[in-house]
Amino acid sequence: MGGTGSVTVPPMAKLSLDRILQSQGVGTRKWCRQLIADGEVKVGGTPVTDYRASFETDGLRFTLFDDEWVYREHLYIALNKPTDIECSRKPSHHPGVMTLLPEEFNWRDVQAIGRLDHDTTGLLLLTDDGAFNHAMSSPKRHVPKRYLATTAEQVTPALIDTLVSGVQLHDEPAPLHASECLKVSENQLEIVLEQGKYHQVKRMLAAAGNHCAALQRISIGGLTLDALGLDEGGWCYLSDEQLALL
Ligand code: URA
């Protein structure tokens, strides 16, 4: 550290207005140029009608049809997923998760980070940052995910022991175990998993002789649904501080 050498400041990203609009999910480049030519886009309160006008994207605000937009290079979103919603972008039996989000997120190819079953509720993260999605989904990462499970049969000390010691699922090479499990009430337990296998909580409960009647994800890493204060179906952008909790 120290020294008197010059400091290299990375150049700010400057993009033409049509590219900016397109990158934010406004629509095709042609449509974005049309909106600009029509005077529908204002920067600093002034309509900009030349699509070639370029702006630094960092912190850029503009209005489109008088709605304010803030430039975001990537989207990092938390959603309180309701039941009967599929996480897939091509849902087959229930509405897809994208129906709960603004249309421009669809244009930006936002994807769920991992999936919840259609009948599982709670914390779901979504992003258009492929590298982030990949890193978060990596089995090497061991991000703890906490679920609140409602069980058909009573929660017994033996059930908790079994889930923590590990249960063998028929298509898994080794037993899977909860990194934490605690009784919440006669028919509710909290279970923490570091893997994300298909129907994992439900299959582990079934293998341990119980049945999962309802399931809610209540946290991912240090990010809790409670702290986000989202109504069912509600969503929010995640701040850098919240992302660091993951
Ligand atoms: N485990 C399940 O069984 N379902 C989910 O949706 C998530 C974890």
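Residues numbered from 1 in each chain as written. Predicted model: local features only at pLDDT ≥ 70, side-chain atom pairs only at ≥ 80, totals over all residues. Heavy atoms only, no water.

### Comments concerning the sheet that holds strand S2 (residues 41-43)
Right, so step 1: The strand order S3-S2-S5-S6 describes an open sheet built from 4 strands, whose pairing is antiparallel. The sheet terminates laterally at strand S3 (46-47) and strand S6 (67-70), the two strands that pair on one side only.
Right, so step 2: Pairing geometry for strand S5 (residues 61-64) and S6, over 4 bridges, is antiparallel. Looking across to S6, one finds that Arg 61 is bridged to Val 70. (Pairing = 2+ DSSP bridges. Helix = DSSP H or I, 4+ residues; strand = E, 2+ residues; numbered from the N terminus.)

### Quick word on the confidence of the model for the chain
Right, so step 1: Averaged over all residues, the pLDDT of the chain equals 93, while 95% of them reach at least 70.
Right, so step 2: Counting interchain partners and residues more than four positions distant, the pLDDT-below-50 stretch residues 1-5 has 0 contacts. (pLDDT = per-residue confidence, 0-100. Contact = heavy atoms within 4.5 Å.)

### A short note on the pattern of salt bridges
Right, so step 1: One pass over the full model with this rule turns up 14 salt bridges.
Right, so step 2: For the salt bridge of Asp 117 with Lys 202, the shortest nitrogen-to-oxygen distance reads 2.8 Å. Here Asp 117 is found in the loop between strand S8 (111-112) and strand S9 (120-127), whereas its partner Lys 202 is found in helix H6 (residues 200-207), with 85 residues between them in sequence.
Right, so step 3: Here Arg 146 ties to Glu 180 by a salt bridge, and the two come within 3.1 Å at their closest N and O atoms. Highlighted residues: Arg 146 in strand S10 (residues 145-151) and Glu 180 in strand S11 (residues 180-185), separated in sequence by 34 residues.
Right, so step 4: It is possible to trace a salt-bridge network through shared partners that takes in Asp 18, Arg 29 and Arg 33. (Salt bridge = Lys/Arg side-chain N within 4 Å of Asp/Glu carboxyl O.)

### Here's the deal with the pairing of S10
Right, so step 1: Here S10 lies mainly inside the structure; 5 of its 7 residues are buried.
Right, so step 2: For S10 and strand S12 (residues 188-193), the ladder comprises 6 bridges, and the chain directions are antiparallel. Looking at the pairing, Ala 149 lines up with Leu 189 of S12.
Right, so step 3: Direction of pairing for S10 relative to strand S13 (residues 212-220): antiparallel, over a ladder of 7 bridges. Considered in S13, the bridge of Thr 151 is made with Cys 212. (Buried < 20%, exposed > 50% of the residue type's maximum accessible area, 1.4 Å probe, protein only.)

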